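# A look at the structure
What follows is each chain in one-letter form.
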Amino acid sequence: MNYNRDANDLTDNSLMEKVKGGNAQLLTVLFMRYHKDIYRFIFRFVRHKEESQDLLQTVFYRVLKYKHTYKENYEFRTWLYQITRNVVSDNFKKNGLVYYSDENSLADKADDSLLIDQEIEKQQQIDSLNLALDKLSFNDREVIILSRFQNLGYVEIAKILNSTEGAVRVKLHRAINELKLILHPKSTK
Amino acid sequence: MKKCDKIKPLFFSYFNHELSRDEELSLETHLQTCPDCKSEFDTIQAVWESLGNLPEPPVDPIVITQFTNMLNSYQEAGPRKTYLQQLIANFSNFFNQLGQRHYYPRFAYSLLLILISFSLGYYFSRVSDAGGNYAHHDKSSVIADKADKKDLFTLLNSPYAPVRLRAVAYSNDLPSLDSTIVYALITTLNNDTNDNVRLAALESLSRLSHNPYVRQELIKSLTNQESPIVQVALIDLMLELQEKRSIKYFKKMLKRNSLNSIVKSRITETIQKLG
Ligand SMILES: [Zn+2]
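Calculation notes
Residues numbered from 1 in each chain as written. Chains lettered and ligands numbered in written order. Predicted model: local features only at pLDDT ≥ 70, side-chain atom pairs only at ≥ 80, totals over all residues. Heavy atoms only, no water. Salt bridge = Lys/Arg side-chain N within 4 Å of Asp/Glu carboxyl O. Helix = DSSP H or I, 4+ residues; strand = E, 2+ residues; numbered from the N terminus. Buried < 20%, exposed > 50% of the residue type's maximum accessible area, 1.4 Å probe, protein only. pLDDT = per-residue confidence, 0-100. Contact = heavy atoms within 4.5 Å. Expected span 1.5 Å × (residues − 1). Donors = N, O, S within 2.8 Å, 3.2 Å for Na, K, Ca; no water. Core = buried A, V, L, I, M, F, W, Y, C linked by side-chain atoms within 4.5 Å.

Our next topic: the pattern of salt bridges. All names here are of chain A. A complete count under the given rule lists 19 salt bridges over all chains for this structure. Its salt-bridge partner being Glu 142, residue Arg 85 comes within 2.6 Å of it at the nearest N-O pair. Of this pair, Arg 85 sits in helix H4 (residues 76–95) while Glu 142 is found in helix H7 (residues 138–149), placing the two residues 57 residues apart along the sequence. Take Glu 142: its relative accessible area is 2%, and that puts it in the buried class. One salt-bridge network, in which partners are shared between bridges, spans Arg 47, Asp 134 and Arg 141.

If you want it as structure tokens, here you go:
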């Protein structure tokens, strides 16, 4: 990575301004800052390693492709999440709601006799939770992933979703209730 | 009741410790006095916490290499859109000239396909496609080369345009095509999101145009196409086949406001030649 060491001291927004100005190499600094968060966001949706890796590159490719649309007053991180959201949603539209089995799911570990009961139980909980998340609508899943796993505040989530803070809370409340009903179908509202 | 509606949306901010001390206190007090809210709070909190127990997906450091490759290709090749736009502009010019000089249409069509294959080969070796399957083309070429009929069907449904393109090309090399593959090719011709994949499917199907079913589907496909490149290729094929039934579909196409002017004149010309 041959970018200037000083570039690490620059803010996201000024780095993106320079990328927009033609210094594409500086995107590397932004990639190093955000690729883990973005990858995890994508992975929570598609739960397939290679697919997530591809989509991660698509996100940063789109940052380059649409760099001219970046405005100085945009918060880079918010903009990046908006792009990611579009990439993931395009992928869903293209492939339909195809779910991959989790590579670490219990089914794949079934013949591993070394698993102790406690681990099995833990893995079962993870599997059933992932299955339940799969059954949610795209929007419900999205609001849960953004608010539970990405350490973003509701103000920023609202900006990412082009919504208001209050509306995001309501959506989240509904989505979690939906998830709860899938997990425990017998329980009443 | 009104109080409850105000309290519930605060649950998540409470979990995230985003509330002020006053808000926290009022929420806690309400929960002590309202069993309804308390029970909803408990179940939601349980779900929220179990979500927190989901393991963090590991990130393979290979993504950094993939990124560096993507960035290098981008810098070498320049933005993809410009390249595609150039490609389309070249094709339009090409057709214009052909139209004026009255070249033999079938020849034009073949030459076009050669041009596209050539351009795509160059293109896919450098830049990722719209789906961003940057790292996929090497792997997919291996898969496609080994494909048998069953794989072919799967590959035709791949989310990756380069894979589908190879699958269609591969169908030409098979000694015989069964009806499932023919059907898949027709579906590809009518529904694939990628112009080049649809063109390749058309090329494959045109070899089967002696089959009445395939021919009927080719005619019907005229009104399914939006892309001028595919439209012109189909129109030329109709002329070559001397297919008079296509005239009805041509007339439908002419009614569209969105119809490209080159395509329009192509159709008028073809109707005259057929009629
Ligand atoms: Zn209450």
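Residues and elements named next belong to chain B. The predicted model of chain B averages 74 in pLDDT, with 69% of residues at 70 or higher. Per-element confidence in chain B ranges from a low mean pLDDT of 37 for helix H8 (residues 136–145) to a high of 93 for helix H3 (residues 21–33). With pLDDT under 50 throughout, residues 79–108 is counted as low confidence; its partners more than four residues away or in other chains account for 35 contacts. Residue range residues 121–147 is modelled with pLDDT below 50. Its contacts to residues more than four positions away, or to other chains, number 59 contacts. Scored by ipTM, the complex comes to 0.88, with pTM at 0.56.

It is worth spelling out helix H6 (residues 117–135) of chain A at this point. Taking 1.5 Å per residue, 19 residues should reach 27 Å; H6 of chain A reaches 27 Å between its end C-alpha atoms and fits that length. For H6 of chain A, the complete set of buried residues consists of Gln 123, Ile 126, Asp 127, Leu 129, Asn 130, Ala 132, Leu 133 and Asp 134 of chain A.

A four-donor tetrahedral metal ideally has 109.5 degree angles, and a six-donor octahedral metal ideally has angles of 90 or 180 degrees. Residues and elements named next belong to chain B. Only Cys 4 (SG), His 30 (NE2), Cys 34 (SG) and Cys 37 (SG) from the protein reach the zinc ion as donors, at distances of 2.1 to 2.4 Å. Along the chain, the residues donating to the zinc ion are arranged with the sequence spacing C-x25-H-x3-C-x2-C. Taken as a pair, Cys 4 in helix H1 (residues 2–7) and Cys 34 in the loop between H3 and helix H4 (35–52) lie far apart in primary sequence, 30 residues in all. Cys 34 gets classed as buried once you look at its relative accessible area, which sits at 12%.

Turning our attention to the nonpolar core. Ranked by size, the top nonpolar core spans 80 residues in total, and within it Phe 60, Ile 144 and Ile 176 of chain A together with Leu 51 of chain B carry the most contacts. Ranked by residue count, the leading element in this core is helix H2 (residues 27–46) of chain A, at 12 residues. Residues within four places of Phe 60 of chain A in sequence aside, it is in contact with Leu 27, Leu 30, Phe 31, His 35 and Leu 80 of chain A together with Phe 67 and Met 70 of chain B. Val 197, Met 238, Phe 250 and Leu 259 of chain B belong to the second largest nonpolar core, which has 45 residues in total.

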